[in-house]
Amino acid sequence: MKAQILSHLPQGFPWGRTIQFYDCVDSTNRRARELAAAGAPGGTVLIADRQTAGRGRLGRTFQSPPGKGIYLSVILRPNCPPQDLMHLTCAAAVAMCDAVEAVSGFRPGVKWINDLVAGKRKLAGILTELTLSPKTGLVDCAIVGIGINVCQQPEDFSPELRDTACSLAMVTGKTLSRPALCAAMIQSLHRMDTALRKEKQETMARYRGDCVTLGCRISVIRGDTLRRGQALDLDADGGLVVRFDDGQTETVSSGEVSVRGMYGYV
Ligand code: BTN
């Protein structure tokens, strides 16, 4: 698989020498964090055919069966204050929409803040994690992890996901090359890394264009509390501006809440 991925990357691609492929790992994000702590450079990319403990946002799991999806993490070393990376998940989402569109011709939507969707179903999830240097308070490393459902058919999903998940094969009717998609994702993440701090406004404008949550009736779930409202807008960092039914307008940040559409998952 690694040789196939490399065959789809341009000669001399800057991250080409730091790609690692695993047949099986618990979580590429967890492993990336371990490698980063041991000094792995920015641009180290980890790809697994299978994860036994794939992780999602807010402590959820991400089903990662072999031969079906792409489970990929990259270590970034931006060396900047964490405030400069508030939009990282949004930037990764746009980068992943670009990669999927380049390979399949289909551009997913984004359900705020980190899910790629096709219609009302989830196609992919993104988990970004920052580690700060205790000495400087700057970002020591940022790990961006992406899981994309590529080849699954409905019966490949567990019963609890069957009504809300989909794959690129289901959406496009095509059998896509996972190595080609991996290579497109890696190139898109490299472009994102180069432009991350210089092109924040442009990136957020593109995220706004991809985000299917805006304008929708939503439920905002914080712990045991559920509040209904309307998703109005995004702030400069990707926070979601919501007008709640009690008349209050607040900006919710992704760390604390889960957002659901009124009628199903999106
Ligand atoms: C979510 O759905 O909330 C995010 C899912 C992120 C899954 C990817 S798969 C590769 C990387 N390794 C993990 O353990 N998680 C991310």
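Just so you know, the residues in each chain are numbered from 1, in the order the chain's sequence is written. Only residues with pLDDT of at least 70 are given local features in this predicted model, and only at 80 or more are side-chain atom pairs given and counted; all residues enter the totals for whole chains, interfaces and linings. Only hydrogens and water are removed before side-chain values are computed, so all heavy atoms of the structure are retained for them.

Give me the overall build of the protein: which residues, what numbers.
Scanning the protein from terminus to terminus reveals six helices and 12 strands. When we talk radius of gyration, it's over C-alpha atoms, and the globule rule is simply 2.2 Å times the number of residues to the 0.38. In terms of overall size, the protein behaves like a compact globule, its C-alpha atoms giving a radius of gyration of 18 Å where 266 residues would be expected to give roughly 18 Å. Each of the three principal axes of the protein carries a C-alpha extent, and together these read 55 × 50 × 30 Å. Relative accessible area decides the class of each residue, using a 1.4 Å probe on protein chains only: under 20% of the type maximum gives buried, over 50% gives exposed, and in between gives partly exposed. Per-residue burial over the protein gives 48% buried out of 266 residues. Look at the contacts in the protein between residues 6 or more apart in sequence, and 65% of them connect residues 24 or more apart. Exposure was quantified through the Shrake-Rupley algorithm and a 1.4 Å probe, taking into account, for residues, occlusion by the shown protein chains and nothing else. With the model as given, the accessible surface of the protein reaches about 12,000 Å², and the carbon-plus-sulfur share is 50%. Working convention for charge: Lys and Arg count positive, Asp and Glu count negative, and His plus the chain ends are omitted. Here the site of a charge means atom NZ of a Lys, CZ of an Arg, CG of an Asp or CD of a Glu. If you average the places of the 32 positive and of the 26 negative side-chain charges in the protein, the two averages end up 2 Å apart. The secondary structure listing takes helices from DSSP runs of H or I that are at least 4 residues long and strands from runs of E that are at least 2 residues long, numbered from the N terminus. Every residue pair with non-hydrogen atoms within 4.5 Å of one another is taken to be in contact.

Give a description of the site of the ligand that names residues and reports values.
If a single non-hydrogen atom of a residue is within 4 Å of a molecule or strand, that residue counts as near it. Neighbouring residues of the ligand: 21 residues in total, closest Ser27, Gln51, Arg55, Arg57 and Lys122. Interatomic distance of 3.4 Å between a backbone N/O atom of Asn29 and a nitrogen atom of the ligand. The side chain of Gln51 places a nitrogen or oxygen atom 3.0 Å from a nitrogen atom of the ligand. Contact with the protein chains covers 98% of the free accessible surface of the ligand, which is 410 Å². Residue assignment for the shell around the ligand shows that the elements contributing at least two residues are helix H2 (28-37), strand S3 (69-76), strand S6 (121-132) and strand S7 (139-149). Ranked by residue count, the leading element in the shell around the ligand is S6, at four residues. Across the shell around the ligand, the residue classes break down as six nonpolar, 11 polar and four charged. Pairs of N or O atoms within 3.5 Å make up the polar contacts considered here, provided that, within protein, one atom can donate a hydrogen while the other can accept it, and that residues adjacent in sequence are counted only when both atoms are side-chain atoms. Residues are grouped as follows: nonpolar covers Ala, Val, Leu, Ile, Met, Phe, Trp, Tyr, Cys and Pro; charged covers Asp, Glu, Lys and Arg; every other residue, Gly included, is treated as polar.

Which residues make up the packing of helix H3 (residues 88-104) against helix H6 (residues 200-210), and what values go with them?
In the contact formed by H3 and H6, the axes pass within 9 Å of each other and the chain directions differ by 65°. By the angle between their directions, the pair H3 and H6 is classed as roughly perpendicular. Every pair of crossing elements has a handedness; the one defined by H3 and H6 is left-handed. Here Cys90, Ala91, Ala93, Val94, Cys97 and Asp98 of H3 lie close against H6, whose contacting residues are Thr203, Met204, Arg206, Tyr207 and Asp210. Only the stretch in contact is used when a helix axis is fitted, and all axes are lines through C-alpha atoms; the angle between N-to-C directions ranges over 0 to 180 degrees. Reported orientations rely on four angle classes, namely roughly parallel under 35 degrees, roughly antiparallel over 145, roughly perpendicular from 65 to 115, and oblique for the rest. Rotating anticlockwise by less than a right angle from the far helix to the near helix defines a left-handed crossing, while the corresponding clockwise rotation defines a right-handed one.

Talk me through the environment of Asn114; I want residue IDs and the actual numbers.
One can find Asn114 in the loop between strand S4 (109-111) and strand S5 (115-118). Along the chain, Asn114 and Gly261 lie 147 residues apart, while their C-alpha atoms are 14 Å from each other. Non-local contacts of Asn114, meaning those with residues more than four positions away in its chain, are made with Arg57, Thr89, Ala124, Gly125 and Ile126. Within the structure, Asn114 has its side chain in polar contact with the side chain of Arg57 (distance 3.3 Å).

If you had to explain the nonpolar core to someone new, which residues and values would you point to?
The nonpolar core is taken to be a set of buried Ala, Val, Leu, Ile, Met, Phe, Trp, Tyr and Cys residues, with the residues joined through side-chain atoms within 4.5 Å. Grouped together as the largest cluster of nonpolar side chains are 63 residues, with contacts concentrated most on Leu72, Trp112 and Tyr207. Looking at which element gives the most residues to this core, the answer is H3, with 11 residues. Leave out the neighbours within four places in its chain, and Trp112 touches Tyr207, Cys211, Thr213, Leu234, Gly238, Gly239, Leu240, Val252, Ser253, Ser254, Val257 and Val259. Ranked by size, the runner-up nonpolar core spans 11 residues in total, among them Val25, Leu35, Ala36 and Ala48.

If you had to explain the environment of Pro41 to someone new, which residues and values would you point to?
As for its placement among the helices and strands, Pro41 is situated in the loop between H2 and strand S2 (44-48). Classification of Pro41 by relative accessible area gives partly exposed; the value is 43%. Taking the C-alpha atoms as reference, Pro41 lies 9.3 Å from Cys141; in sequence the two are 100 residues apart.

Requested: an account of helix H5 (residues 178-195), with residues and values cited.
The end-to-end C-alpha distance of H5 is 26 Å, a good match for the 26 Å that 18 residues give at a rise of 1.5 Å each. Across the 18 residues that make up H5, a large majority, 13, are buried. Two or three places before Ala180, at the opening of H5, Ser177 has a side-chain oxygen 3.0 Å from that residue's backbone nitrogen. Multiplying 1.5 Å by the helix residue count minus one yields the expected span of that helix.

For the sheet that holds strand S10 (residues 240-244), give the residues involved together with the corresponding values.
With respect to topology, five strands assemble into an open sheet ordered S11-S10-S9-S8-S12, the strand pairing being antiparallel. Single-partner strands in this sheet number two, and they are strand S11 (249-252) and strand S12 (258-261). On average, adjacent strands in this sheet sit at an angle of 45° to one another, irrespective of strand direction. Any two strands are treated as partners once DSSP identifies two or more bridges connecting them. As judged from the six bridges shared by strand S8 (residues 217-222) and strand S9 (residues 225-234), these two strands associate in the antiparallel manner. Among the inter-strand pairings, Ser219 is bridged to a residue of S9, identified as Arg228.

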